[in-house]
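Coordinate inspection notes
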Amino acid sequence: MYIEMNEIVEKLAGLLKIPSPTGDTSAAIDFVGNLFRELGIKTVLTGKGALIATIPGNDTSKSVTLSGHVDTLGAMVKEIKDNGRLKLSQLGGYIMSTVEGEHVQISTLDGKKYTGTLIITKASSHVHGDETRTLDRTTSNMEVRLDEVVSNREDVESLGIQVGDFVSFDPRVVVTPSGFIKSRHLDDKAGVIAIYGIAKQIINEGLSPKFTTHFFISNYEEVGHGASAAIPDDTFEFIAVDMAAPGEGQTSDEFSVTICAKDSTGPYDLELRKRLVELCKANNIRYKMDIYPYYGSDGSAALRSGYDLKVGLIEPGVDASHSFERTHRDAIEETIKLGVAYLTEK
C-alpha cells in the first residue's frame, strides 16, 4: 500500500497551525470538513459542533465509527488583573510548567486577536532572585503579558478583552528532514489527520468499506465529553484514534501504531483488540500494545454515556504528551494502514 505521506504531513501542519482550544474549534472543524468534502465525502455537523463524514459500505445494515478529536489544550481568561495582565483558567489537563514562556493568542468575542506571553508573576531573576526558580508554576502564579501598551484593567478592557475569552498556545510546528513532526497539539490532530488519510486511501484506491463507515471528529474530548453524544445509531463498533504515549515503562514508540489494551477507564474490547492485532500481523503493520494509567479517550466517553458498542483504541505514538509533543510520519502511516485494513477486512 502506497500512502502519499508528504501530502498527509502537509495537511497535518496546516491543521496544527489553526487554534482550536476546547470550546473554540469551528475553524479547525471547517478545515477538516473541507478535506473530507474534497474527497467527495458528505459531512454533517452535530448539535454541539462535531463533524461526521460518511462513506457507504458494502453492508449498509450497520456501521462502524472511527473517532478523533480536533479540540486541544488551551485556556480562558479568568481575570483581568490590576497590572494589565491576564490570569487564566485551564482547558484540559496539563502541568502549567509545560506552557511557561509560551506565546499565546487571545480571541475576543468580537473577533479580535491579540498576542502575548505566558510567564510567572516573578519572572525576572535579576529582580526576584531565587524566587524566580522556586515559585510554584500554578495558574495563581502565572499571567499573560499582553503585546499591547496596557498598564491596568481599564486599558485591557478597552481592547475588547474580557473574562471568558479563549487563549491558545503557539504550536510552533516544525517538520524535520528526518520525518519528525514537532508541535503542540499532536494530541489529537495527528490522529485526526490519520483518519483523513484512511478516508483518502479508501477513496483513491476505489476500495469499499465492509460496513458503512462514519468518521466522527469530536470537539470536546479534552474535557471528557467529546463522543458522549451523536454517534450514529447504527454503529456497532467504535474505534477511537487518539495518541499513544511513549515513556518509561511503556511499549509505545514514535514509529508504530499502538493498540491500547486498557486505560484509566478500564480494558477495551478483547475480541476487537485481537482482530486489530491479527490485521497488523497479516499486513506487516508495525504495531505496539500498551496500557495507559492516566488516559481516557472518545471511546471512554462513549461507553460512559451508555452506548452499547465494541470499543477499541489505536494511536500513532506521540512523545511528551500534553507538553511539547513530537511524532514521526511513520507512526501516522502505520495508523493509516491499520485503519484501512480494519475497514476493508474480509
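Structural notes on the overall build of the protein chain
Counting its regular elements, the protein chain contains nine helices and 18 strands. Once the C-alpha set of the protein chain is aligned to its principal axes, its extents read approximately 65 × 40 × 40 Å. Residues counted as buried form 53% of the 346 residues belonging to the protein chain. Expressed as a percentage of contacts within the protein chain between residues at least 6 apart in sequence, the contacts between residues at least 24 apart total 75%. Summing over all exposed atoms, the protein chain offers an accessible surface of approximately 14,500 Å²; the carbon and sulfur share of this is 49%. Computing the positive centroid from 36 side-chain charges and the negative centroid from 50, the protein chain places the two 2 Å apart.

Focus on the pairing of strand β7 (residues 113-120)
β7 sits mainly inside the fold: six of its eight residues count as buried. Two elements, strand β6 (residues 103-107) and β7, share five bridges in a ladder whose sense is antiparallel. Directly across from V104, in β7, lies its bridge partner G116. Pairing geometry for β7 and strand β8 (residues 142-146), over five bridges, is antiparallel. Note on β8: the bridge partner recorded for I120 is M142.

Section: the sheet that holds strand β10 (residues 174-175)
Sheet strands line up and pair through hydrogen bonds in the backbone, either parallel or antiparallel. An order of β10-β11-β18 is seen for the three strands of this open sheet, with the pairing classed as antiparallel. At either margin of the open sheet sits one strand with a lone partner, and together these are β10 and β18 (325-328). As defined by bridge partners, strand β11 (residues 180-183) adjoins β18 across four bridges and the pair is classed as antiparallel. By the bridge assignment for β18, S183 is matched with E325.

Points about the nonpolar core
Judged by nonpolar contacts, the single largest core of 72 residues is most densely connected at F36, F215, I217, I332, I336, L338 and Y342. The biggest single contributor to this core is helix α6 (residues 186-204), with 10 residues. Excluding its chain neighbours within four sequence positions, the residues that come into contact with I217 are I29, V32, F36, A50, L51, G68, V70, V192 and I195.

Digging into helix α9 (residues 329-344)
Helix length check: α9, at 16 residues, gives a terminal C-alpha distance of 23 Å against a target of 22 Å (1.5 Å per residue), a fit within 8%. When you tally the buried positions in α9, you get 13 out of 16 residues, the bulk of the element.

Describing the state of the cysteines
All told, the structure shown has zero disulfides when counted by the stated rule. C280 takes part in no disulfide bond, and the closest cysteine sulfur, belonging to C260, lies 14 Å away.

Regarding the environment of D263
Along the chain, D263 falls in strand β14 (residues 257-263). Through-space distance from the C-alpha of D263 to that of Y295 is 5.5 Å; in sequence the pair is 32 residues apart. Residues within four places of D263 in sequence aside, it is in contact with Y268, Y292, Y295, G296, S297, S300 and L313. Reaching out from D263, the side chain makes a polar contact with the side chain of S300 at a distance of 3.5 Å.

The rules behind these values
Residues numbered from 1 in each chain as written. Predicted model: local features only at pLDDT ≥ 70, side-chain atom pairs only at ≥ 80, totals over all residues. Heavy atoms only, no water. Helix = DSSP H or I, 4+ residues; strand = E, 2+ residues; numbered from the N terminus. Buried < 20%, exposed > 50% of the residue type's maximum accessible area, 1.4 Å probe, protein only. Contact = heavy atoms within 4.5 Å. Areas by Shrake-Rupley, 256 points an atom, 1.4 Å probe, with all protein chains shown as cover. Lys, Arg positive; Asp, Glu negative; His and termini not counted. Charge placed at Lys NZ, Arg CZ, Asp CG, Glu CD. Pairing = 2+ DSSP bridges. Core = buried A, V, L, I, M, F, W, Y, C linked by side-chain atoms within 4.5 Å. Expected span 1.5 Å × (residues − 1). Disulfide = S-S within 2.5 Å. Polar contact = N/O pair within 3.5 Å; in protein donor to acceptor, adjacent residues only side chain to side chain.

Such coordinate-based values are descriptive only and should not be taken to indicate function.
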